[in-house]
Number of protein chains: 2
Amino acid sequence: MKVSEVENGEISKRASSSSPSKGMKRGLSIMDFILRIFAATSTLGSALSMGTAKQTMPFATRFVRFKVVYHDLPTFVFFVTANSVVCGYLVLSLTLSFFHIVRTTSVKSRILLVALDTVMFGLLTSGASAAAAIVNIAHYGNSSANWFPFCQQYNYFCGRISGSLIGSFIAVVVFIILILMSGISISKH
Amino acid sequence: MKVSEVENGEISKRASSSSPSKGMKRGLSIMDFILRIFAATSTLGSALSMGTAKQTMPFATRFVRFKVVYHDLPTFVFFVTANSVVCGYLVLSLTLSFFHIVRTTSVKSRILLVALDTVMFGLLTSGASAAAAIVNIAHYGNSSANWFPFCQQYNYFCGRISGSLIGSFIAVVVFIILILMSGISISKH
């Protein structure tokens, strides 16, 4: 009987509703909600900053206008896509996060959230790192491969693309905290 | 009294030791252990494959020998470092994973493992994506930035660096599964 009592979700829910761990879980859920809004804003900022980055040189030849746009480099397209997808996901996940504030005892939805968070964390890290690798070459070039650092011409463009990485990496750190907090929440059920 | 019984780890441990969830947790722990060995082998293979990649051209001028080594590109150095660190971590984490097979009820060590796994997952994804971005340019170049695809000369070297990405991305997928499985294990305590 004792075994079935412990395993029975209904009873353990009633039990935990009168324990201090419920308050802690609610606190974690609220923090989760706030961090998600923060990360969504960061990724949105990154996507917009990169997506609107372009620069046209004040001179031109008869056939060529010297102009650079973010989608000249496929990695930056991936960066914008990854940030947009993650931003959309974070906004959608707010509903589930809000649900966890109201119903602190749900476990399955938390596991689902950890799984989705991990995948989105991977996508975001991937986009941010790939873009960072390209930005590095844009700044310093590579003499072995004869890749010229185009930042020596396109100063403004390079500032924009470098700055857009910041929001993305902030969101990466937030995701690590979110996954850790979900682990703690699940353990307290 | 009921509350304290449910919260008391000792009692819930005794309770769960006679329940089928213990067998499931042990199964998950064993799978965790095997997946870690698999991922460690993958990352080791990636690190070795990239770390030993070099090619010397069969011709040379009086002053220049045409040669390419992985550490000509700083991103590849990061890739090798990230894979080595993650491989070392995975081997060390085997002890904790083995501990979970023996003691299925421990929760705090599982949360620690989720946190470390998440950080290492981020590091590995970062290294793999950055390297992939550079390999992409090495293969196709970029006409807008005037970056020449050096793979047209260094065929063998490019094959090696492209191949070394595979192990890394396999390990990335394994990490997602590991984090998800840890979440399920924690929820069953």
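Residues numbered from 1 in each chain as written. Chains lettered and ligands numbered in written order. Predicted model: local features only at pLDDT ≥ 70, side-chain atom pairs only at ≥ 80, totals over all residues. Heavy atoms only, no water.

Quick notes on the overall build of chain A
Moving on, step 1. Counting its secondary structure elements, chain A contains six helices and two strands.
Moving on, step 2. In chain A, the succession of α and β elements from N to C terminus is α-α-α-β-β-α-α-α.
Moving on, step 3. Residues counted as buried form 51% of the 189 residues belonging to chain A.
Moving on, step 4. In chain A, the proportion of contacts linking residues at least 24 apart, taken out of those at least 6 apart, comes to 76%.
Moving on, step 5. Put simply, chain A shows about 8900 Å² of open surface, and 68% of that area lies on carbon and sulfur atoms. (Helix = DSSP H or I, 4+ residues; strand = E, 2+ residues; numbered from the N terminus. Buried < 20%, exposed > 50% of the residue type's maximum accessible area, 1.4 Å probe, protein only. Contact = heavy atoms within 4.5 Å. Areas by Shrake-Rupley, 256 points an atom, 1.4 Å probe, with all protein chains shown as cover.)

Focus on the UniProt feature "transmembrane region" (unreviewed entry) in chain A
Residues and elements named next belong to chain A.
Moving on, step 1. Mapped onto the present numbering, the UniProt feature "transmembrane region" (unreviewed entry) falls at residues 33-53, 73-99, 111-141 and 161-184.
Moving on, step 2. The distance from the first to the last C-alpha atom of residues 33-53 is 30 Å, and the span holds 90% helix and 0% strand.
Moving on, step 3. Secondary structure across residues 73-99 comprises 96% helix and 0% strand; the distance between its end C-alpha atoms is 40 Å. (UniProt positions renumbered as here; feature names shortened; annotations may be inferred.)

Topic: the nonpolar core
Moving on, step 1. Ranked by internal contacts, the top residues of the largest apolar core, which has 54 residues, are F76, W147 and F150 of chain A together with F76, W147 and F150 of chain B.
Moving on, step 2. Those elements giving two or more residues to this core turn out to be β2 (65-69), α4 (74-102), α5 (108-140) and α6 (155-187) of chain A together with β2 (65-69), α4 (74-102), α5 (108-140) and α6 (155-187) of chain B.
Moving on, step 3. Dropping the residues within four chain positions of it, W147 of chain A is found in contact with I137, G141 and N142 of chain A together with L73, I134, I137, A138, W147, F148 and F150 of chain B.
Moving on, step 4. In terms of nonpolar packing, the next biggest core, distinct from the first, is built from 46 residues, C87 and L178 of chain A together with L35 and L178 of chain B among them. (Core = buried A, V, L, I, M, F, W, Y, C linked by side-chain atoms within 4.5 Å.)

Considering the packing of α5 of chain A against α5 of chain B
Moving on, step 1. The interhelical angle for the contact between α5 of chain A and α5 of chain B, taken along N-to-C directions, is 45°, at an axis separation of 7 Å. Compared by their axis directions, α5 of chain A and α5 of chain B come out oblique. Along this stretch, α5 of chain A crosses α5 of chain B, giving a crossing that reads as right-handed. Side by side, α5 of chain A and α5 of chain B meet where T118, F121, G122, T125, S126, S129, A130, A133, I134 and I137 of chain A of the first sit next to T118, F121, G122, T125, S126, S129, A130, A133, I134 and I137 of chain B of the second.
Moving on, step 2. Looking at the contact of α5 of chain A with α5 of chain B, its residues break down into ten nonpolar, ten polar and no charged. (Axes fitted to C-alpha atoms, helices over the stretch in contact; angles between N-to-C directions. Parallel < 35°, antiparallel > 145°, perpendicular 65-115°, else oblique. Left-handed = near helix turned anticlockwise from the far one by under 90°. Nonpolar A, V, L, I, M, F, W, Y, C, P; charged D, E, K, R; others polar.)

Some remarks on the packing of aromatic side chains
Moving on, step 1. Scanning all chains against the criterion turns up twelve aromatic pairs over all chains.
Moving on, step 2. Where F150 of chain A meets Y154 of chain A, the ring centres are 6.4 Å apart and the plane angle is 75°; that geometry is what we call edge-to-face.
Moving on, step 3. On the basis of relative accessibility, which here comes to 6%, the residue F150 of chain A falls in the buried class.
Moving on, step 4. An aromatic cluster of three or more residues is present, and its members are W147, F150, Y154 and F157 of chain A together with W147, F150, Y154 and F157 of chain B. (Phe/Tyr/Trp six-rings, centres within 6.5 Å; stacked < 30°, edge-to-face > 60°.)

Quick word on the environment of S129 of chain B
Moving on, step 1. Along the chain, S129 of chain B turns up in helix α5.
Moving on, step 2. Between the C-alpha atom of S129 of chain B and that of M50 of chain B, which follows or precedes it by 79 residues, the distance is 14 Å.
Moving on, step 3. When residues no more than four places from it in sequence are discounted, the contact partners of S129 of chain B are S126, S129 and A130 of chain A together with F169 of chain B.

A word on a nonpolar patch on the surface
Moving on, step 1. Taken together, the side chains of F38, I166 and I170 of chain A make up a nonpolar region of the molecular surface, amounting to roughly 280 Å² of accessible area.
Moving on, step 2. Inspection of the secondary structure puts I170 of chain A in helix α6. (Patch = residues over 30% accessible without salt bridge, like charges linked within 9 Å, V, L, I, M, F, W, Y side chains within 5 Å. Salt bridge = Lys/Arg side-chain N within 4 Å of Asp/Glu carboxyl O.)

Here we look at the packing of α6 of chain A against α6 of chain B
Moving on, step 1. At a minimum axis distance of 8 Å, the contact between α6 of chain A and α6 of chain B shows a crossing angle of 25°. In terms of their interaxial angle, α6 of chain A and α6 of chain B are classed as roughly parallel. Seen along the crossing, α6 of chain A lies across α6 of chain B with a hand that is right-handed. The residues of α6 of chain B that touch α6 of chain A, namely those facing I179, G183, I186 and S187 of chain A, are I179, G183, I186 and S187 of chain B.

Examining the environment of F157 of chain B
Residue and element names in this part refer to chain B.
Moving on, step 1. On the secondary structure map, F157 appears in helix α6.
Moving on, step 2. In this structure F157 comes out as buried when scored by relative accessible area, which is 0%.
Moving on, step 3. Sequence-wise, F157 and K67 are 90 residues apart; in three dimensions their C-alpha atoms are separated by 9.9 Å.

Describing unusual backbone geometry
Residue and element names in this part refer to chain A.
Moving on, step 1. Look at N146: it is not a glycine, yet its phi comes out positive at around 60°.
Moving on, step 2. The topology assignment puts N146 in the loop between α5 and α6.
Moving on, step 3. Given a relative accessible area of 62%, N146 falls into the exposed group.

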